[in-house]
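Notes for the structure review
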Amino acid sequence: MNSENAMDAEAAWSPDAPCFLCPRACGAVRSRRPGRCGGGAAMRVALIQQHHGEEPVLSGPALGPRGSGTIFFSGCALGCVYCQNHDISIEPAGTAGSAESPHRIERDGWDGLRGLGREIGVDDLTAAMFELQLSGAYNINLVTAGHYAPLVRQALLLAREHGLTLPVVWNSSSYETVETLRLLDGLVDIYLPDLRYLDATAAARYSGAPDYPRVATYAICEMRRQVGDLVVDESTGLAKSGIIVRVLALPGDMGRADLALDWIADTLGTDTAVSLMGQYYPAYRAAEFPEINRGVTDGEYGKLFDHFEELGFTLGFAQAVGSSENGTPDFRQK
Ligand code: SF4
């Protein structure tokens, strides 16, 4: 662990100082106003529950009714126009999920809190992890927590000190800086990053982040450095440590998922665990982008799967086309 860098970064972050935690580097003083991510001074979470829709090595469907102990954080540094979790990630906090929700905001024209959620302190987050452990969850799955990373780090340190034994999963868009990821070195067991685009035009059009390909590939290399390839407990079939890279198929392959697979094969190697995501369905503002305003076809997904096999990957997870629309949690249920 590069503890010096991690401590520097932790010490450098305060809600009373300009925030540069993520690649947006918006410089918001979060005690005064939320940043581009919609995160304020305190952490906010939308939902804490056992979740059954992750990869089998995380959700353990063959083991029974228990699942991945998932903590969904409010807000997001990336903010994609097709986000299926837009209620908790992008929409203004006061309107998200309500019947009056506009389901559309100008992405750069809102400087309030984003997403459904409630404030949670470091101690409370640690307690939530223990509650999930006591409930029999297979892991602690932190979803889109990067904009709270220094606070999450404190909660993880406390949890480890007091006996948290479950593997910790960092479930992210990969739109994260290496410096921030180093805060988590030694505290996260399993990284579950997306690799959404290796095409800057698509990254700009759908996520307002033309730098995404560079940022995400650096981030994934850092994640891999920290945890290595996926290790699965043979007796349970559950992941113990390592990285699983999620590659999202967009309609018409607008994100060039084939290039993402090429990059993984060339840079990380074909022993890398890859999850081919066929779950896309048009959500949030996708209707404004006609080329992605439909699901992924079986043919499009099949072509990507063929490419995955041609490259010689040895470990992968396939998610059936359109399988997630009914599996997206209802964030209005507490
Ligand atoms: S984490 Fe949020 S507040 Fe900090 S730089 Fe990124 S967008 Fe701005």
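Predicted model only: the values in this text are computed from it and were never measured.

Neighbouring the ligand are the residues Cys 19, Phe 20, Leu 21, Cys 22, Arg 24, Ala 25, Cys 26, Arg 30, Gly 35, Arg 36, Cys 37 and His 147. Classifying every residue of the shell around the ligand by side-chain character gives seven nonpolar, two polar and three charged.

Moving on to the packing of aromatic side chains. Within this structure, the stated rule accounts for seven aromatic pairs. When the centroid spacing of 5.5 Å and the interplanar angle of 65° are considered together, the rings of Tyr 82 and Tyr 280 count as edge-to-face. In this pair, Tyr 82 sits in the loop between β2 (68-73) and α3 (86-89) while Tyr 280 sits in the loop between β9 (273-277) and α10 (298-311), placing the two residues 198 residues apart along the sequence. Tyr 280 shares its class with Tyr 82; the two are buried. Taken together, the ring pairs connect Tyr 175, Tyr 197 and Tyr 212 into an aromatic cluster.

Moving on, we get to helix α9 (residues 257-268). Taking 1.5 Å as the rise per residue, α9 with 12 residues should run 16 Å; its terminal C-alpha atoms sit 16 Å apart, in good agreement. Listing the buried residues of α9 in full gives Ala 257, Asp 258, Ala 260, Leu 261, Trp 263, Ile 264, Ala 265 and Leu 268. For α9, the elements touching its buried residues are β6 (190-195), α8 (212-227), β8 (239-248), β9 and α10. Phi for Gly 269, located one or two positions after α9, is positive at around 100°.

What follows deals with the confidence of the model for the protein chain. Taken residue by residue, the protein chain gives an average pLDDT of 89. The fraction at 70 or more is 88%. Taken as a whole, residues 96-107 scores under 50 in pLDDT and shows 36 contacts with residues more than four places along the chain or in a different chain.

Once that is clear, we can look at the pairing of strand β4 (residues 140-143). Side chains Ile 140 and Leu 142 of β4 all project onto a buried face; the interleaved residues Asn 141 and Val 143 project onto the opposite face, where all are buried too. Note: β2 against β4, four bridges, orientation parallel. Among the inter-strand pairings, Thr 70 is bridged to a residue of β4, identified as Asn 141. Two elements, β4 and strand β5 (residues 168-172), share four bridges in a ladder whose sense is parallel. Bridged to Leu 142 within β5 is Trp 170.

By the definition in use, this model includes 12 salt bridges. Across the pair Arg 256 and Asp 258 runs a salt bridge whose closest N-O atoms are separated by 2.9 Å. One continuous salt-bridge network, built from bridges that share partners, spans Arg 182, Asp 185, Glu 222 and Arg 225.

Turning next to the nonpolar core. Counting residues in each nonpolar core, the largest one holds 77 residues, and the members touching the most others are Phe 73, Tyr 82, Met 129, Leu 142, Val 152 and Trp 170. Not counting residues up to four positions away in its chain, the partners in contact with Leu 142 are Ile 71, Phe 73, Met 129, Val 152, Leu 156, Val 168, Val 169, Trp 170 and Asn 171. Core analysis: the next-biggest nonpolar cluster, separate from the first, contains 10 residues, Val 57, Ala 239, Ile 244 and Phe 317 among them.

This part covers helix α4 (residues 122-134). The end-to-end C-alpha distance of α4 is 19 Å, a good match for the 18 Å that 13 residues give at a rise of 1.5 Å each. The complete set of buried residues in α4 reads Val 122, Leu 125, Thr 126, Ala 128, Met 129 and Leu 132. Taken end-on, α4 shows its buried residues confined to a sector of 155°, consistent with a single buried face. Within α4, the exposed residues directed more than 90 degrees away from the buried face are Asp 123, Glu 131 and Leu 134. Looking at the packing, one finds that the buried side of α4 touches β1 (43-51), β2, β3 (118-120), β4 and α5 (149-161).

Located in the positive-phi region is Ala 25, a residue other than glycine, with phi close to 45°. Relative to the helices and strands, Ala 25 is located in the loop between α1 (3-12) and β1. Positive phi values are uncommon outside glycine, yet Arg 256 reaches one of about 55°. The residue Arg 256 is located in the loop between β8 and α9 in this model.

A word on the pairing of β8. Extensive coverage of β8 is indicated by the burial of eight of its 10 residues. Where β6 lies against β8, four bridges are found, and the strand directions are parallel. Note that in β8 the partner of Leu 195 across the bridge is Val 247. With two bridges joining them, strand β7 (residues 231-232) and β8 adopt antiparallel strand pairing. Looking at β8, one finds that Val 231 is bridged to Ser 241. Between β7 and β8, which follow one another and run antiparallel, lie six residues, and Gly 237 among them has a positive phi close to 80°. Pairing of β8 with β9 involves five bridges; the strand directions are parallel.

Definitions and limits used
- Residues numbered from 1 in each chain as written.
- Predicted model: local features only at pLDDT ≥ 70, side-chain atom pairs only at ≥ 80, totals over all residues.
- Heavy atoms only, no water.
- Near = heavy atom within 4 Å.
- Nonpolar A, V, L, I, M, F, W, Y, C, P; charged D, E, K, R; others polar.
- Phe/Tyr/Trp six-rings, centres within 6.5 Å; stacked < 30°, edge-to-face > 60°.
- Helix = DSSP H or I, 4+ residues; strand = E, 2+ residues; numbered from the N terminus.
- Buried < 20%, exposed > 50% of the residue type's maximum accessible area, 1.4 Å probe, protein only.
- Expected span 1.5 Å × (residues − 1).
- Contact = heavy atoms within 4.5 Å.
- pLDDT = per-residue confidence, 0-100.
- Pairing = 2+ DSSP bridges.
- Salt bridge = Lys/Arg side-chain N within 4 Å of Asp/Glu carboxyl O.
- Core = buried A, V, L, I, M, F, W, Y, C linked by side-chain atoms within 4.5 Å.
- Arc of directions from axis to C-beta.

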